[in-house]
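Below are the chains, spelled out letter by letter.
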Protein chains: 2
Amino acid sequence: MGEIRPCVVAFSALMSPPSTAVVYDHHGPPDTVTKIIQLPPVEIKANDVCVKMLAAPINPSDINQIQGVYPVKPQLPTVGGREGAGVVHSVGSAIRDLSPGDLVMVSPPSAGTWQTHVVKDKVFWHKLDKDTPAEYAATVTINPLTALRMIEDFVDLKSGDAVVQNGATSMVGQCVIQLAKLRGIRTINIIRDRPGSDEAKDKLKKLGADEVYTESQLDVKNFKSLLGNVPEPALGFNCVGGNAASLVLKFLRQGGTMVTYGGMAKKPITVSTSSFIFKGLSLKGFYLQNWLDLDRNEECRKMIDYLLGLIREGKLTYDMELAPFSEFHTALDKSLGKLGSQRKQVIKFKF
Amino acid sequence: MGEIRPCVVAFSALMSPPSTAVVYDHHGPPDTVTKIIQLPPVEIKANDVCVKMLAAPINPSDINQIQGVYPVKPQLPTVGGREGAGVVHSVGSAIRDLSPGDLVMVSPPSAGTWQTHVVKDKVFWHKLDKDTPAEYAATVTINPLTALRMIEDFVDLKSGDAVVQNGATSMVGQCVIQLAKLRGIRTINIIRDRPGSDEAKDKLKKLGADEVYTESQLDVKNFKSLLGNVPEPALGFNCVGGNAASLVLKFLRQGGTMVTYGGMAKKPITVSTSSFIFKGLSLKGFYLQNWLDLDRNEECRKMIDYLLGLIREGKLTYDMELAPFSEFHTALDKSLGKLGSQRKQVIKFKF
């Protein structure tokens, strides 16, 4: 066998199956520039792993990348998507620690998960416990890890302290509530005014939210009474901008910090001079990409394993809408906010 | 003598001379609510020192206090002003380390310096080298100390690094330029568009400014070319707000910090989401009052002595307009921006 193998490799390289993929060759509106096409088989090199995908989410950063407004710009043409999970289909000749049938996720996130078969170097594949739900493995990095790092990295929070956040129904928002609660940290949550906001409130309270308010409920004189028995928060998270960011600032205690990690309202953050001088507020930003270098991969995978452990134990859960890959463009329209749905769209691939 | 003294104190308490003072008994427009009146002599208690004032500035925070919009609110009626320097006139019976004729300054700043004779407990008087110019002693705390702390407290600057500031012609701005230069730190300075801006530029360059631009000069496409051979600044100072704050943010390098210490334009600071997430900027505030507790007095006086040393050596200088006390209301009008003058008004008291 040892003598024959090199000949086999030389004359008939190991190839992936053809892959059905969401491809774009120029930047623009995601619903018009993306096409679903069949890609030919690619060679599986010695250190490559070919994975049959199970699930891959549509994240706002994926959309921004297609639009060309994200600082990380892939070479075009490219396949969309950066997070995903699947089952090993075949491995390159040098791969020893992964075998067909293993459950894996892309870690760190890396271009091209919106396709049926992904071939990547082994450094990008993280092997998972078999009983990990694929849709969670496919979504655990970009949103839950953001929530975890934001709770840990900015203010030294103690049990009993509080945080305030807007966009609380987002996937990050849901994770903030649960991860904070696990640490004994209280949460004040701000959501948009919209039909169904009462249901949204109930949902967040079931996840462990202490207080949930719509923006219009916060238009009151005796603002501090809204704290209930929650202490003034030392830390706030903003993923909206505009008025919703001002409300986070208003809740913060003297010397508090607001961390911006998104801008869903596409409006800037406006801050009074006195908020800085007399209230002593600090404003910072969080950019997960700084954690996603291959250099920090080991550290990141430890955190991901911690989060997936919580998920398997039922201590961390979040809303997703699973969409068959054949209905990708409907899911994309939902992610673009065209169909009213607010839930995270996760593509489910069929075996 | 030891037997007679207590009787003297008991029957004829040591009294100050009458004091001519700028007084207000309610908050409102400073030019209408302040009156110059003669105050009767006050008792000089055992630990008190009576000082014949030489100089006292009109600071923006004094004006805000009269308007009632400053967080530190004196009990009314009160005498205006918080900084000042003078010569000891007489001392209480327990005072050993100050004598008539000594040059002193109020430290920490404390209410009531706009009057000819100030009586305060000894903890508020800091004895100075005789050859210290009184108008500098009277102004060294609120502005130069702000410049010093802002350079030291936010970013670990090394020689060769750069800072950017708006409101560069202000007293703090002038001090930033000179204190930065002493540490080998380069400065980019932003000033308002106005008649005489060329002279203002020359003046700042003579103080050591590396680059000086008016706001309108910064309305260019190739912004980074304006850096000349100065590196992108890691730290910025904002005392204006509005567009002038946005320009400071624009100059900052990736991960830079902007510190707000004033809001002369009375406009908020507006920041894009991407400045926080992708450029990693931090925004903070500086409030000198946090340094001016009696608890930190020793630490503060060391810094003040350092600054006054630089002043005596000619290494730190700044623009002031000396106004006779008899023309207080003209000086106040100038401080309120009513007469076009931009220079710091310092009341000079006549002997």
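Residues numbered from 1 in each chain as written. Chains lettered and ligands numbered in written order. Predicted model: local features only at pLDDT ≥ 70, side-chain atom pairs only at ≥ 80, totals over all residues. Heavy atoms only, no water.

Re the state of the cysteines
Residue and element names in this part refer to chain B.
Step number 1: Under the defined criterion, the tally for this structure stands at zero disulfides over all chains.
Step number 2: With no disulfide partner, C239 has as its closest neighbouring cysteine sulfur the one in C175, 12 Å distant.
Step number 3: Relative accessible area serves as the criterion here: at 3%, C239 is assigned to the buried category. (Disulfide = S-S within 2.5 Å. Buried < 20%, exposed > 50% of the residue type's maximum accessible area, 1.4 Å probe, protein only.)

What about the sheet that holds strand β4 (residues 78-79) of chain B?
Residues and elements named next belong to chain B.
Step number 1: Taking strand neighbours across the sheet as the criterion, the three strands line up as β2-β1-β4 in an open arrangement whose pairing is antiparallel. With partners counted over all chains shown, the strands left at the sheet margins are β2 (35-39) and β4, one partner each.
Step number 2: Bridge analysis of strand β1 (residues 19-24) against β4 gives two bridges, and the strand direction is antiparallel. Paired with Y24 across the two strands is T78, which belongs to β4. (Pairing = 2+ DSSP bridges. Helix = DSSP H or I, 4+ residues; strand = E, 2+ residues; numbered from the N terminus.)

Examining the confidence of the model for chain A
Low pLDDT means the predicted atomic positions in that stretch should not be read closely.
Step number 1: Averaged over chain A, the pLDDT score is 94; the fraction of residues at 70 or greater is 96%.
Step number 2: Contacts of residues 1-10 of chain A to residues separated by more than four positions or lying in other chains number two contacts, the stretch itself having pLDDT below 50. (pLDDT = per-residue confidence, 0-100. Contact = heavy atoms within 4.5 Å.)

Concerning the relation of the copies chain B and chain A
Step number 1: Structural alignment of chain B on chain A gives an RMSD of 0.0 Å, achieved by rotating through 180° and translating 0.0 Å along the axis. Such a turn and shift between the copies fits a two-fold axis.
Step number 2: Interface residue correspondence from chain B to chain A reaches 100%, placing this contact among same-surface, isologous pairings. (Least-squares fit on C-alpha atoms with pLDDT ≥ 70 in both.)

Let's talk about helix α5 (residues 144-153) of chain B
All names here are of chain B.
Step number 1: Of all 10 residues making up α5, eight are buried, and the element is well covered by its neighbours.
Step number 2: Within α5 the residues assigned to the buried category are P144, L145, T146, A147, L148, R149, M150 and I151.
Step number 3: Taken together, the buried residues of α5 touch α6 (171-182), β12 (235-238), β13 (257-260) and α10 (297-312).

What about the side chain of T132(A)?
All names here are of chain A.
Step number 1: Tracing the backbone shows T132 in the loop between β8 (125-127) and α4 (134-137).
Step number 2: The buried category is assigned to T132, whose relative accessible area is 5%.
Step number 3: Within the local environment of T132, its side chain forms a polar contact with the side chain of R312, the two groups lying 2.8 Å apart. (Polar contact = N/O pair within 3.5 Å; in protein donor to acceptor, adjacent residues only side chain to side chain.)

A look at the packing of α5(B) against α6(B)
Residue and element names in this part refer to chain B.
Step number 1: The geometry of α5 relative to α6 is characterised by a closest axis approach of 8 Å and an angle of 50° between their N-to-C directions. With respect to their mutual orientation, α5 and α6 come out oblique. At the point where α5 passes α6, the crossing takes the right-handed sense. Listed contacts from α6 to P144, T146, A147, L148, M150 and I151 of α5 are M171, V172, C175, V176, L179 and A180. (Axes fitted to C-alpha atoms, helices over the stretch in contact; angles between N-to-C directions. Parallel < 35°, antiparallel > 145°, perpendicular 65-115°, else oblique. Left-handed = near helix turned anticlockwise from the far one by under 90°.)

Looking at the sheet that holds strand β1 (residues 19-24) of chain A
Step number 1: Read across the open sheet, the three strands follow the order β2-β1-β4 (chain A); overall the sheet is antiparallel. Unpaired on one side and paired on the other, β2 (35-39) and β4 (78-79) of chain A mark the two borders of the sheet.

Focus: the pattern of salt bridges
All names here are of chain B.
Step number 1: On inspection of all chains with the given rule, the structure shows 28 salt bridges over all chains.
Step number 2: The salt bridge involving K338 is made with D31; its shortest N-O contact spans 2.1 Å. You can see K338 sitting in the loop between α11 (328-335) and β17 (344-348) and its partner D31 sitting in helix α2 (residues 30-33), a full 307 residues away along the chain.
Step number 3: Exposure remark for D31: the relative accessible area of 22% places this residue in the partly exposed category.
Step number 4: Note that R149 is salt-bridged to D153, the shortest N-O span being 2.5 Å. Of this pair, R149 and D153 both sit in helix α5, separated by four residues, roughly a single helical turn.
Step number 5: The partly exposed category is assigned to D153, whose relative accessible area is 32%. (Salt bridge = Lys/Arg side-chain N within 4 Å of Asp/Glu carboxyl O.)

As for the interface of chain B and chain A
One frequently used descriptor of interface size is the decrease in accessible area upon assembly of the parts.
Step number 1: Between chain B and chain A, the contact holds 23 residues from the first and 23 residues from the second.
Step number 2: Buried area between chain B and chain A, summed over both chains or domains, comes out near 1900 Å², and the portion from carbon and sulfur atoms is 69%.
Step number 3: It is F276(B), I277(B) and F278(B) that lose the most area in chain B upon contact with chain A, and together they represent 30% of the buried surface on that side.
Step number 4: Between the two partners, chain B and chain A, sit zero salt bridges.
Step number 5: Among the elements of the structure, β14 (269-271), α9 (273-277) and β15 (282-285) of chain B are those that each provide at least two residues to the side of chain B that touches chain A.
Step number 6: At four residues, the largest contribution of residues to the side of chain B that touches chain A is made by β15(B).
Step number 7: Of the residues that constitute the side of chain B that touches chain A, the class distribution is 13 nonpolar, eight polar and two charged.
Step number 8: Two elements, strand β14 (residues 269-271) of chain A and β14(B), share three bridges in a ladder whose sense is antiparallel. Among the inter-strand pairings, I269(A) is bridged to a residue of β14(B), identified as V271(B). (Buried area = accessible area lost by both parts, 1.4 Å probe. Nonpolar A, V, L, I, M, F, W, Y, C, P; charged D, E, K, R; others polar.)

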